[in-house]
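Secondary and tertiary structure notes
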Amino acid sequence: TAVYTKNMRLVKKFMARQFKNQTTDSVIYACYLAMQKAQGHKIKIKFPYFYNRIGTAYEKQNKFDSALFYFKKTTDSGYAAKNSKEYLTALNHIGAFHFSQGNYNKALDEFLKFLKVSGEVHDSSNIEGGLVNIGNVYLDLKKPRIALDYYKKALLFLDTLDKCKTAAREVAIGNAFSDIRFYEKIAGYSDSAYLYYSRALLKSKSCKNDEIYSVILSDMSNVYHDKGNYAKSIETLLETIQIKLNKGYPNIGTDYVNLAGNYLSIKEFKKAKETFLKVLKVDDVIGLDNYSLAYKGLGTACKKLGEFKEAAHYLELYGLYKDSLYQESSSEKRKELEMNFEFDKKEALTKAENDKQKVIALAEARKQKLIIWWVCGVLGLMTIFSYFIFKGLKQQREANQIISKQKHEVEKQKELVEEKQKEIIDSINYAKRIQNSLLANKDFVNRNTRENFILFKPKDIVSGDFYWATRATNSKKEELFYLACCDSTGHGVPGAFMSLLNIGFLSEAINEKDITEPNAIFNYVRQRLIESISKEEQKDGFDGILLCINKTSGQITYAAANNNPLLISGNSLTVLKSDKMPVGKGEKTNPFSLFQIEVKPDSVLYLFTDGYPDQFGGPKGKKFKYKPLEELLLANFHLSLQDQAHLLEQVFSDWRGSLEQVDDVLMMGVKL
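Let me begin by describing the structure that accompanies this report. Because the structure is a prediction, the values reported are computed rather than measured.

Calculation rules
- Residues numbered from 1 in each chain as written.
- Predicted model: local features only at pLDDT ≥ 70, side-chain atom pairs only at ≥ 80, totals over all residues.
- Heavy atoms only, no water.
- Helix = DSSP H or I, 4+ residues; strand = E, 2+ residues; numbered from the N terminus.
- Buried < 20%, exposed > 50% of the residue type's maximum accessible area, 1.4 Å probe, protein only.
- Contact = heavy atoms within 4.5 Å.
- Areas by Shrake-Rupley, 256 points an atom, 1.4 Å probe, with all protein chains shown as cover.
- Patch = residues over 30% accessible without salt bridge, like charges linked within 9 Å, V, L, I, M, F, W, Y side chains within 5 Å.
- Salt bridge = Lys/Arg side-chain N within 4 Å of Asp/Glu carboxyl O.
- Axes fitted to C-alpha atoms, helices over the stretch in contact; angles between N-to-C directions.
- Parallel < 35°, antiparallel > 145°, perpendicular 65-115°, else oblique.
- Left-handed = near helix turned anticlockwise from the far one by under 90°.
- Nonpolar A, V, L, I, M, F, W, Y, C, P; charged D, E, K, R; others polar.
- Lys, Arg positive; Asp, Glu negative; His and termini not counted.
- Charge placed at Lys NZ, Arg CZ, Asp CG, Glu CD.
- Phe/Tyr/Trp six-rings, centres within 6.5 Å; stacked < 30°, edge-to-face > 60°.
- Lys NZ or Arg CZ within 6 Å of the ring centre and 35° of its normal.
- Polar contact = N/O pair within 3.5 Å; in protein donor to acceptor, adjacent residues only side chain to side chain.
- Expected span 1.5 Å × (residues − 1).
- Core = buried A, V, L, I, M, F, W, Y, C linked by side-chain atoms within 4.5 Å.
- Pairing = 2+ DSSP bridges.

**Concerning the overall build of the protein**
Helix and strand content of the protein: 23 helices and 13 strands. In the protein, which comprises 672 residues, the share counted as buried stands at 41%. Pairs at least 24 residues apart make up 61% of the contacts formed inside the protein by residues separated by at least 6 positions. Accessible surface, the protein: about 38,000 Å² in total, of which carbon and sulfur atoms supply 54%.

Have a look at this one:
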């Protein structure tokens, strides 16, 4: 025992030196010596403790095969199965090894074992780590939605006081949202990614972890670039690059590539060239990818600067690296497809086995029940009603034939109705895709406004409400940006037809007839509607607002038909003017007025249709109304526009409750 105790002290002494002086060979030697002495004196020793220390030491020497050998000795040890701490440590290292090698099946098996044992001993810290490891596997497999579920579950087991770890997990959630945005092309997920990155950024500041802080800045720069906010993306990248240069953190080459890409986007070609050249000088460039992007970017920048000889040289180098990357990516893609196939096959087999067991159990229970009822029924009928059974057998057979015939006819009619219903719904869904393609593109609106939100909730699949945007140039060669928020007559399919017609006439007025003033545009569209669809006294058209932002002079004008914009500046809300007549045939046919907005810094203009204030709900089932909506906007003006949109949607949902949505809902906010 004394020899064992002495050697344990020696192990701990060398372990301390390992982290200070990286003397991993000393740790391995000490562990071997301790086990040898213990065996010689017939001492029962916790060998898994030493196996894990040796495995960790080999890991630090990048001798992964040797490390894996000793971690497996721990998991194979009968004692380790009882000692959950050492067993979990080994499982985690084995899973991490397979994950680093791209062997996702084996990595997932080890992490699932790790999670199961952690749950059995109620170790919340290890449960959290296991969930994160599984999430990382699915993120690498390009299944970010599954990864997101595991990351969110992990947060439930995390100590909220540990801000550094919480920040790291929120970064992982942000990355999952970002990957969903990349693969599925859904703009809203960029906002979700930004929200989690922002939270993580605050926590990393408070825990003073510069490495996490710099990683988050890199991720946030991609979100800014995705939104078209190149200035903010550049500012963020410059900050993270400075931190990484000061601290010697890795992956600075990727940051230089992203920074140069932003410079190209804003046509700062000289800065782009200088930054791409820095990519070729850093030591931590990952693979060929950054080199390829750098050479391609240099070719583009030099071409724009008129340096055609240099451009040709860099583009030739880009071609060489591109070929190498193609071979590398083809191999990786093939491996990825094989891995995904194995995962899908495994999940399908598991599901099939579970379904099979359920079917067997259900069939067995049903069989038992049928036997019992059949025996009871036969005995009862034979003893009491045998005479009536035989007498009524013929009548029953005839009745069954009639019922069967009727049932067949009903099923046939049902199938016909369902087929027609499916055709109608498919047609409406196709109409929705057409309508969505004509609505204003969110990225286009983002590029032409400082900040905005669009809350759009059709009552049915397609909508009579619509928002639309375009750009034009007036006779003075000034750049004009138009934004429309309108409510067509009706909703559903009829409203959608009207919205398509109205969008077409607005586009015709601006892009074909070169009409630039919003009120003149409304006058033209009204005339076209009357000529086209109001010949039989129909009063179809729309209420709405057409906003015009002069990008050159900064002047903002608008025309409004039966719809008042709201302007909030500071703590003051102003209901702006409108013409009390529709764009279409109505009681009045006066020319529309041209209104001008006096722009103050950080003012927000709200455009909306009547769907939100006219919604029935609340405890008494009454309309929401305009006054409460104005108070809600004024009370939450200090929030970001995206947070305001989330709040407005939540308030609307809570107010409506279980009641039906009565009309299409459209609300827009634009920071001036």
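Now that the structure is up, let's keep going.
**What about a nonpolar patch on the surface?**
A cluster of nonpolar side chains, namely I371, W374, V375 and L379, defines an oily patch on the protein surface of about 420 Å² accessible area. Position of L379 among the secondary structure elements: in helix 17 (residues 308-384).

**Considering the packing of helix 14 (residues 252-265) against helix 15 (residues 269-279)**
Two numbers describe how helix 14 lies on helix 15: the axes approach to 8 Å, and their chain directions differ by 165°. Comparing the axis directions of helix 14 and helix 15 gives the class roughly antiparallel. For helix 14 against helix 15, the interelement crossing comes out left-handed. Touching G253, Y256, V257, L259, A260, G261, Y263 and L264 of helix 14 are F269, K271, A272, T275, F276, K278 and V279, all from helix 15. Among the residues making up the contact of helix 14 with helix 15, the classes are represented as 10 nonpolar, 3 polar and 2 charged.

**Looking at a negative patch on the surface**
Together, E411, E415, E418, E419 and E423 make up a negatively charged patch on the protein surface. Mapping E419 onto the fold places it in helix 18 (residues 386-438).

**So, the packing of aromatic side chains**
Enumeration over the complete set of coordinates arrives at 20 aromatic pairs. Ring geometry for F453 against Y606: centres 6.4 Å apart, planes inclined by 50°, an arrangement best described as tilted. With F453 in strand 1 (residues 452-457) and Y606 in strand 10 (residues 604-608), the pair connects residues that are 153 residues apart, well separated along the chain. Members of the aromatic cluster, each reached through a chain of ring pairs, are Y51, Y58, F69 and Y70. One Lys or Arg, K153, reaches over the ring of Y150 and ends 5.4 Å from the middle of that ring. The ring of Y196 has R199 sitting right over it, with the charged end atom 4.9 Å from the ring centre.

**Observations regarding the environment of R656**
With respect to the helices and strands, R656 occurs in helix 23 (residues 641-656). Between the C-alpha atoms of R656 and P619, which are 37 residues apart in sequence, the distance is 9.7 Å. The residues touching R656, leaving out its near neighbours within four places in the chain, are Q615, F616, G617 and Q661. One polar contact links the side chain of R656 to the main-chain carbonyl oxygen of L659, over a distance of 2.9 Å.

**So, the environment of L500**
In this structure, L500 sits in helix 20 (residues 492-512). Its relative accessible area of 27% is what places L500 among the partly exposed residues. Remark: the alpha-carbon pair of L500 and I434, spanning 66 residues in sequence, is separated by 9.1 Å. Once residues lying within four places of it in the same chain are set aside, the contact partners of L500 are Q435 and L438.

**With respect to helix 12 (residues 210-226)**
Taking 1.5 Å per residue, 17 residues should reach 24 Å; helix 12 reaches 25 Å between its end C-alpha atoms and fits that length. Taken residue by residue, helix 12 has I212, Y213, S214, I216, L217, S218, D219, M220, S221, V223 and Y224 as its buried positions. Looking at the residues trailing helix 12, positive phi occurs at G228, about 85°.

**Structural notes on helix 13 (residues 230-247)**
It helps to recall that an α-helix has 3.6 residues per turn; residues three or four apart then point in one direction. For helix 13, spanning 18 residues, the distance from its first C-alpha to its last is 26 Å, which sits close to the expected 26 Å at 1.5 Å a residue. The set of residues buried in helix 13 consists of S233, I234, T236, L237, T240, I241, I243 and K244. Where helix 13 is buried, its residues touch helix 12 and helix 14. Just beyond helix 13, the residue with positive phi is G248, at close to 75°.

**Considerations on the side chain of S578**
As for its placement among the helices and strands, S578 is situated in the loop between strand 7 (572-575) and strand 8 (583-584). Within the structure, the side chain of S578 is placed 3.2 Å from the side chain of N564, a separation counted as a polar contact.

**Section: the nonpolar core**
With 54 residues, the main nonpolar core has I521, F522, V525 and I597 as its most contacted residues. A total of 7 residues in this core trace back to one element, the largest contributor, which is strand 3 (residues 479-488). In contact with I521, other than residues within four places in its own chain, are Y482, L506, A509, I510, I515, T516 and L546. Counting residues in hydrophobic clusters, the runner-up holds 38 residues, among them L115, L139, A147 and I212.

**What about the pattern of salt bridges?**
Summed over the entire model, instances satisfying the criterion amount to 20 salt bridges. Here K459 and E660 are joined by a salt bridge, their closest N and O atoms 3.2 Å apart. Linking K459 in the loop between strand 1 and strand 2 (465-473) with E660 in the loop between helix 23 and strand 13 (665-671), this pair joins segments that are 201 residues apart in sequence. Residue K459 is classed as partly exposed on the basis of its relative accessible area, which comes to 23%. According to the relative accessible area criterion, E660 is exposed, its value standing at 58%. Salt bridges sharing common partners tie together K273, E307 and E310.

**A word on the pairing of strand 3**
Regular strands place their side chains on alternate faces of the sheet. Among the 10 residues of strand 3, 9 are classified as buried, and the element is accordingly described as predominantly covered. The pairing of strand 2 with strand 3 spans 9 bridges and is antiparallel. If you follow W468 over to strand 3, its bridge partner there is A484. With 9 bridges joining them, strand 3 and strand 4 (residues 541-550) adopt antiparallel strand pairing. Within the sheet, the bridge partner assigned to D487 lies in strand 4 and is D543.

**Section: the pairing of strand 7**
As defined by bridge partners, strand 6 (residues 566-569) adjoins strand 7 across 4 bridges and the pair is classed as antiparallel. Bridging across to strand 7, L567 finds its partner in T574. The turn linking strand 6 back onto strand 7 is made up of 2 residues, and G570 within it adopts a positive phi angle of 65°.

**Brief notes about the sheet that holds strand 6**
Reading across from one edge, 1-13-10-6-7 is the order of the 5 strands in this open sheet, with antiparallel pairing throughout. Where the open sheet ends on each side, the last strands, each with one partner, are strand 1 and strand 7. Each strand axis lies, on average, 15° off the axis of its neighbour in the sheet, ignoring direction. In this sheet, strand 13 lies alongside strand 1 in antiparallel orientation, the contact comprising 6 bridges. When the bridges of strand 13 are listed, L455 appears paired with M667.

Purely geometric numbers; function is a separate question.
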